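Here is how the chains run, residue by residue.
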Amino acid sequence: MTGNELRNAYLEFFRSKDHLVLPSYSLIPENDPSLLLIGAGMAPFKPFFTGKMKPLHPRIVTSQKCIRTGDIENVGRTARHHTFFEMLGNFSFGDYFKREAIAWAWEFLTDKRYLNLPADKLWVTIYTDDDEAHGIWLNDIKVPAERIIRMEDNFWEIGTGPCGPCSEIYVDLGEHRGCGSADCKVGCDCDRYLEIWNLVFTQFDRDEAGEYTPLAKKNIDTGAGLERIASVLQNKPSNFETDLLYPLIEYAAKAASVEYGKSDKTDVSLKVVADHGRSMVVMIGDGVLPSNEGRGYVLRRILRRAVRHGRLMGMEKPFLVPLVDVVIGILGAAYPDLAVKRDYIKTIIGLEEERFRLTLSQGMELLGTLIADLQEAGKDVLPGEDAFKLYDTFGFPWELTREILAENGISLEQEGFERAMNEQRERARAARSDNNDNGAM
């Protein structure tokens, strides 16, 4: 099953369960200043969960575009980390609850009409005290008791508001994917047991005092990673080998005249370019533009990080613009607006890549000199003022400087960088004030 077929199968399955199929919401949150970018399938539905708004239908299903950059440094170094991914989600707003959510997830995963995963390879986790979920898994679904694991972490909450226990579904990928430890089990950091679905049972409202009050109308919030499930169905060792990402790796490898699978260092850069290529195309398609603030800074950081990894593979000439066609070839069927905006996306990426490329060599040369000087002096911390110069003069996102420093065993003095940044803001504010005064005369 291809990634596109999997997405369609999921949406159609829940359509058959009387869910309203909605297109993915934009990555730019609507009327939600608490979020910079949409990073979860449930994020656009927060008003429905809190009861502030009434949904179009009590049952909804989506495949939501998501951006997360909290652990961007891990992209390319693990099998599963991405900045862009799609979250499959089915939601109930005061309608069905645990029994249906559990039964339908299991049906979609194991029924031969759908994904046909072997039931004896699936494990489930539940919250420590959730006897109701335990009973459903054990008595209704017939999952053996030894494959139902109680875990204290299985409770979903973010501060105050709706929250509740959750139940995760894992697939056992086999001993050959494990760490070899005799203690290897669900929850291990290795790649043997892969979480593919999370069922959140939103049944409480947490107040400022930390008290949990049962909700009058209970909700269901689920999330299943499209890329993760695709890797299982396609029997690939990582998300990057699936048809959702591998064509981008093939393009980057050809452009750089390198071969995937021959060098760990090169493979990391190929994966970074593939992942970041998807992110930048979808972000620009949704109206994000490169800038030094907010979501525009996230885009700029992603794009410039991709350029740097292209340079690590020896790509001296621009290479990101042709990547747009490859991304649209993969995602265009699900998101046809990307093809409509193809030329616009290429223009934005081309301008930003060229702008950064002009200063990248000079900035890398200066950073290399700073690193060499520190190492010669036996120091392992770069003064923040030096990092700020790289940012201010050469357009180096400070996170990129920090990442390059870490590769050389050096840390960044964050306080000094922030102090220099604040001083620049004060100068800019004073300059604006002067200009306004002059304009008023």
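This structure is a prediction, so every number in the text was calculated from the model and none was measured.

Enquirer: Where do I start with the overall build of the protein chain in this structure?
Expert: For the protein chain, the helix and strand inventory stands at 14 helices and 11 strands. Taking 2.2 N^0.38 as the reference for a compact globule, 441 residues should give roughly 22 Å; the C-alpha atoms of the protein chain span a radius of gyration of 24 Å, in line with that estimate. Residues classed as buried in the protein chain amount to 51% of the 441 residues present. The contacts of the protein chain with a sequence gap of at least 6 include a subset with a gap of at least 24, amounting to 71%. Of the roughly 20,500 Å² of accessible surface on the protein chain, 49% is carried by carbon and sulfur atoms.

Enquirer: Looking at this structure, how should I read the side chain of R7?
Expert: Summarising the element assignment, R7 is placed in helix α1 (residues 3–15). Given a relative accessible area of 3%, R7 falls into the buried group. Apart from residues no more than four positions distant in its own chain, R7 is found in contact with S63, E86, L88, L226, L244, L331, A334 and Y335.

Enquirer: I keep staring at helix α4 (residues 131–140) and nothing clicks. Help me out?
Expert: Think of an α-helix as 3.6 residues a turn; residues three or four steps apart then line up on the same face. When we look at burial in α4, the residues that qualify are A133, H134, I136 and W137. Down the axis of α4, the sector holding all buried residues measures 165 degrees, keeping them to one side. Remark: K142 follows α4 within two positions and exhibits a positive phi of approximately 70 degrees.

Enquirer: Sorry, what's going on with the nonpolar core here?
Expert: Within soluble globular proteins, side chains that are nonpolar tend to cluster in buried spots. Counting residues in hydrophobic clusters, the biggest one holds 110 residues, and the most contacted among them are W137, W197, M283, L320, I349, L382 and F396. For this core, the leading source of residues is helix α11 (residues 342–376), giving 9 residues. Those residues in contact with L320 that sit more than four places away from it in its chain are M280, L303, A306, V307, I349 and E353.

Enquirer: Help me understand the packing of helix α7 (residues 264–285) against α11 in this model?
Expert: Each pair of packed helices can be described by the angle between their axes along with the distance between the axes. Between α7 and α11, the least distance of the axes is 10 Å, while the angle of their chain directions is 120 degrees. Between α7 and α11, the angle falls in the class oblique. As for how α7 packs across α11, the hand of that crossing is right-handed. Taking contact as the criterion, the partners of M280, V281, I284 and G285 in α7 are, on α11, Y344, I345, I348 and I349.

Enquirer: Would you mind showing me how to read the packing of aromatic side chains here?
Expert: The relative placement of two aromatic rings is captured by the distance of their centres and the angle of their planes. All chains considered together, the criterion is met by 30 aromatic pairs. Between F13 and F14, the aromatic rings sit 4.9 Å apart at their centres with planes inclined by 85 degrees, giving edge-to-face as the arrangement. This pair shows no difference in class: F13 is buried, exactly as F14 is. When the centroid spacing of 6.0 Å and the interplanar angle of 45 degrees are considered together, the rings of W398 and F417 count as tilted. With W398 in helix α13 (residues 398–407) and F417 in helix α14 (residues 414–440), this pair connects stretches of sequence that are 19 residues apart. The two residues W398 and F417 agree in class, both being buried. Within the aromatic cluster, the residues linked to one another by ring pairs are Y10, F13, F14, F108, Y114 and W197.

Enquirer: Can you walk me through the pattern of salt bridges in this structure?
Expert: If the charged atoms of two oppositely charged side chains come close together, the side chains can form a pair. All chains considered together, the criterion is met by 31 salt bridges. Here R402 and E73 are joined by a salt bridge, their closest N and O atoms 3.0 Å apart. Taken together, the positions of R402 in helix α13 and E73 in the loop between β2 (59–67) and β3 (84–93) put the pair 329 residues apart, joining distant regions of the chain. For R402, a relative accessible area of 33% translates into the label partly exposed. A salt bridge links R278 to E227, with the shortest nitrogen-to-oxygen separation between them at 3.0 Å. Linking R278 in helix α7 with E227 in helix α5 (residues 226–233), this pair joins segments that are 51 residues apart in sequence. A single salt-bridge network, built from bridges that share partners, covers K17, E107, D111 and R113.

Enquirer: Any chance you could explain the environment of D275 here in plain terms?
Expert: Topologically, D275 is positioned in helix α7. On the basis of relative accessibility, which here comes to 0%, the residue D275 falls in the buried class. Sequence spacing of D275 and G39 is 236 residues, and the spatial spacing of their C-alpha atoms is 15 Å. Once residues within four sequence positions are removed from consideration, D275 is found in contact with V75, H81, H82, T83, F84, F240 and L245.

Enquirer: Mind showing me how you'd approach unusual backbone geometry here?
Expert: Note: most peptide bonds trans; most residues except glycine with negative phi. Even without being glycine, K142 reaches a positive phi, approximately 70 degrees. Relative to the elements of secondary structure, K142 occurs in the loop between α4 and β5 (148–151). Phi is positive for S257, which is not a glycine, with a value near 55 degrees. On the secondary structure map, S257 appears in the loop between α6 (246–256) and α7.

Enquirer: When you look at the packing of α1 against helix α3 (residues 98–110) in this model, what are you seeing that I'm missing?
Expert: It is at 11 Å that the axes of α1 and α3 come closest, and there the two elements cross at 140 degrees. With respect to each other, α1 and α3 are oriented oblique. By crossing handedness, the relation of α1 to α3 is classed as right-handed. Mapping the contact onto sequence places L6, A9, Y10, F13 and F14 in α1 and W104, E107 and F108 in α3. Residues belonging to the contact of α1 with α3 are distributed by class as follows: 7 nonpolar, no polar and 1 charged.

Enquirer: Quick question: what am I supposed to make of the pairing of β3 here?
Expert: As a general feature of sheets, a regular strand has side chains that alternate between the two faces. Where burial is concerned, most of β3 is hidden: 10 out of the 10 residues are buried. Neither face of β3 is open: one carries F84, E86, L88, N90 and S92, the other F85, M87, G89, F91 and F93, and all of them are buried. The sheet contact formed by β3 and strand β9 (residues 212–225) spans 5 bridges and is antiparallel. For F91, the partnering residue across the bridge sits in β9 and is D221.

Enquirer: Before we go on, may I ask you to explain the state of the cysteines in this structure?
Expert: Counted under the stated rule, the structure contains 0 disulfides. Cysteine C163 remains unbridged, with the sulfur of C166 as its closest cysteine sulfur at 11 Å. When its relative accessible area of 0% is taken as the criterion, C163 is described as buried. In this structure C184 is not part of a disulfide, and its nearest cysteine sulfur, from C190, lies 3.5 Å away.

About the criteria used
- Residues numbered from 1 in each chain as written.
- Predicted model: local features only at pLDDT ≥ 70, side-chain atom pairs only at ≥ 80, totals over all residues.
- Heavy atoms only, no water.
- Helix = DSSP H or I, 4+ residues; strand = E, 2+ residues; numbered from the N terminus.
- Rg over C-alpha atoms; globule rule 2.2 N^0.38 Å.
- Buried < 20%, exposed > 50% of the residue type's maximum accessible area, 1.4 Å probe, protein only.
- Contact = heavy atoms within 4.5 Å.
- Areas by Shrake-Rupley, 256 points an atom, 1.4 Å probe, with all protein chains shown as cover.
- Arc of directions from axis to C-beta.
- Core = buried A, V, L, I, M, F, W, Y, C linked by side-chain atoms within 4.5 Å.
- Axes fitted to C-alpha atoms, helices over the stretch in contact; angles between N-to-C directions.
- Parallel < 35°, antiparallel > 145°, perpendicular 65-115°, else oblique.
- Left-handed = near helix turned anticlockwise from the far one by under 90°.
- Phe/Tyr/Trp six-rings, centres within 6.5 Å; stacked < 30°, edge-to-face > 60°.
- Salt bridge = Lys/Arg side-chain N within 4 Å of Asp/Glu carboxyl O.
- Nonpolar A, V, L, I, M, F, W, Y, C, P; charged D, E, K, R; others polar.
- Pairing = 2+ DSSP bridges.
- Disulfide = S-S within 2.5 Å.

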